Amino acid sequence: MSSKKGLALLCAAVLVTTMAAAAGAQEASSKVGYVPGSFPGAGVDVITHRLTIGLYSVTKSGQQGDLLETLVFKGRMLVERGDPYVNKLGFRQVAFLVKNWEAYAWSQKLNSLVVYSLAKVPQKMSTITAQQRESDYPASFHFSVTFNANAFGQQLNTDPYPGEPEGDGFMEVPPSGNRRTSPALSRFEATRIKADHPTLGSIMFVPMACGDEEGSTLVTYSDEQKKSLRLPRAAS
């Protein structure tokens, strides 16, 4: 066989292989939820975000009244993630614990700083869950944050409030703030923070929106470090 003919056959073989690989990739990408990439290993993330809260009056019957002011809180959260695993429904999942959190905003109506901060109680497990079995992304976030609220010089609660915000369609962990890859959270807990103000009477704080601004990984644990750590893991 001549060298030219051999080279031609080799090129044809490479072309066929390349086309087959491309066809396979196209077939894989056509599957619902197929996205390259996977959840990161165990580590610690810091996430900054903006939380929008509506300040409302409270009616005589105790219901949500008129909107008095829209507050935009600036927050910072520290979370510790465990390694990914497959949950009992067959979806890949990551459990994480909120280790520290504080969010604050100035209220013109109350003439006061309003601060939400992580309560010093055991926190419930939060999760990141793949929305399909074929790949990790897109994924849903479910935060579990038990917190206290302070305003006009006093703590507004006796028992800590359970925060349970959720969102779907995340394409990265930790979320970066890019709305195409880390959308805003869209579902919130039913908790309504009520308080009695000296001049406004009964008021209510209601969650409206929350979007991450920036996220970064402070540390990714090595296999050796994991041996001595009790990492987050949701109950199976």
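Residues numbered from 1 in each chain as written. Predicted model: local features only at pLDDT ≥ 70, side-chain atom pairs only at ≥ 80, totals over all residues. Heavy atoms only, no water.

### Examining the overall build of the chain
Item 1. Per the secondary structure count, the chain includes two helices and 13 strands.
Item 2. A total of 236 residues make up the chain; the buried ones form 42% of that total.
Item 3. In the chain, the proportion of contacts linking residues at least 24 apart, taken out of those at least 6 apart, comes to 65%.
Item 4. Carbon and sulfur atoms make up 54% of the accessible area of the chain, which totals about 13,100 Å². (Helix = DSSP H or I, 4+ residues; strand = E, 2+ residues; numbered from the N terminus. Buried < 20%, exposed > 50% of the residue type's maximum accessible area, 1.4 Å probe, protein only. Contact = heavy atoms within 4.5 Å. Areas by Shrake-Rupley, 256 points an atom, 1.4 Å probe, with all protein chains shown as cover.)

### Remarks on the pairing of strand β1 (residues 43–58)
Item 1. Of all 16 residues that make up β1, twelve are buried, and the element is covered over most of its length.
Item 2. Note: β1 against strand β2 (residues 64–81), 15 bridges, orientation antiparallel. Paired with Ile53 across the strands is Leu71, a residue of β2.
Item 3. Between the end of β1 and the start of β2, which pair antiparallel, lie five residues, with Gly62 showing a positive phi angle near 90°. (Pairing = 2+ DSSP bridges.)

### Considering the pattern of salt bridges
Item 1. Across all of its chains, the model carries ten salt bridges by this definition.
Item 2. One salt bridge connects Glu213 with Lys74, and the closest N-O pair in it is separated by 3.1 Å. Separated by 139 residues along the polypeptide, Glu213 in strand β13 (residues 201–220) and Lys74 in strand β2 bring together distant segments of the chain.
Item 3. Note on Glu213: relative accessible area 32%, which makes it partly exposed.
Item 4. Lys74 sits in the partly exposed class, given a relative accessible area of 36%.
Item 5. For Lys226, the salt bridge identified is with Asp223, shortest N-O distance 3.8 Å. Residue Lys226 and its partner Asp223 are both found in helix α2 (residues 223–227); the two are separated by three residues, about one turn of the helix. (Salt bridge = Lys/Arg side-chain N within 4 Å of Asp/Glu carboxyl O.)

### A word on the nonpolar core
Item 1. Among the nonpolar cores identified, the biggest contains 39 residues, and Phe73, Trp101, Tyr116, Leu156 and Phe205 are the most heavily contacted of them.
Item 2. When residues in this core are grouped by element, the largest group, six residues, is from strand β4 (residues 92–107).
Item 3. When near neighbours in sequence (up to four residues on either side) are disregarded, Tyr116 contacts Leu51, Ile53, Phe73, Trp101, Glu102, Ala103, Phe147, Asn148, Ala149, Ile193 and Phe205. (Core = buried A, V, L, I, M, F, W, Y, C linked by side-chain atoms within 4.5 Å.)

### What about the packing of aromatic side chains?
Item 1. Applying the stated criterion to the full structure yields ten aromatic pairs.
Item 2. Judged by centre distance (5.6 Å) and plane angle (90°), the rings of Trp101 and Phe147 are edge-to-face. Note that Trp101 is positioned in strand β4 and Phe147 in strand β8 (residues 145–151), a separation of 46 residues in sequence. The residues Trp101 and Phe147 share a single accessibility class, namely buried.
Item 3. Taken together, the aromatic side chains of Phe73, Trp101, Tyr116, Phe147 and Tyr161 make up a single cluster linked through ring pairs. (Phe/Tyr/Trp six-rings, centres within 6.5 Å; stacked < 30°, edge-to-face > 60°.)

### Here we look at the confidence of the model for the chain
Item 1. For the chain, the mean per-residue pLDDT works out to 86, and 84% of the residues sit at or above 70.
Item 2. Contacts of residues 3–35 to residues separated by more than four positions or lying in other chains number 15 contacts, the stretch itself having pLDDT below 50. (pLDDT = per-residue confidence, 0-100.)

### Here's the deal with the pairing of strand β6 (residues 126–130)
Item 1. With five of its five residues buried, β6 lies for the most part within the structure.
Item 2. Sheet analysis places β6 next to strand β7 (residues 139–142), joined by four bridges and oriented antiparallel. Following the sheet pairing, Thr129 is matched in β7 by Ser140.

### Some remarks on the environment of Arg180
Item 1. Along the polypeptide, Arg180 turns up in the loop between β11 (166–170) and β12 (193–197).
Item 2. It is 8.3 Å that separates the C-alpha atoms of Arg180 and Phe170, two residues lying ten residues apart in sequence.

### Thoughts on unusual backbone geometry
What you tend to see is this: most non-glycine residues have negative phi, and most peptide bonds are trans.
Item 1. In this structure, Pro138 follows Tyr137 across a cis peptide bond, with omega equal to 0°.
Item 2. Among the secondary structure elements, Pro138 is positioned in the loop between β6 and β7.
Item 3. Of note in the backbone geometry, Phe152 takes a positive phi value of approximately 35° without being a glycine.
Item 4. Position of Phe152 among the secondary structure elements: in the loop between β8 and β9 (154–155).

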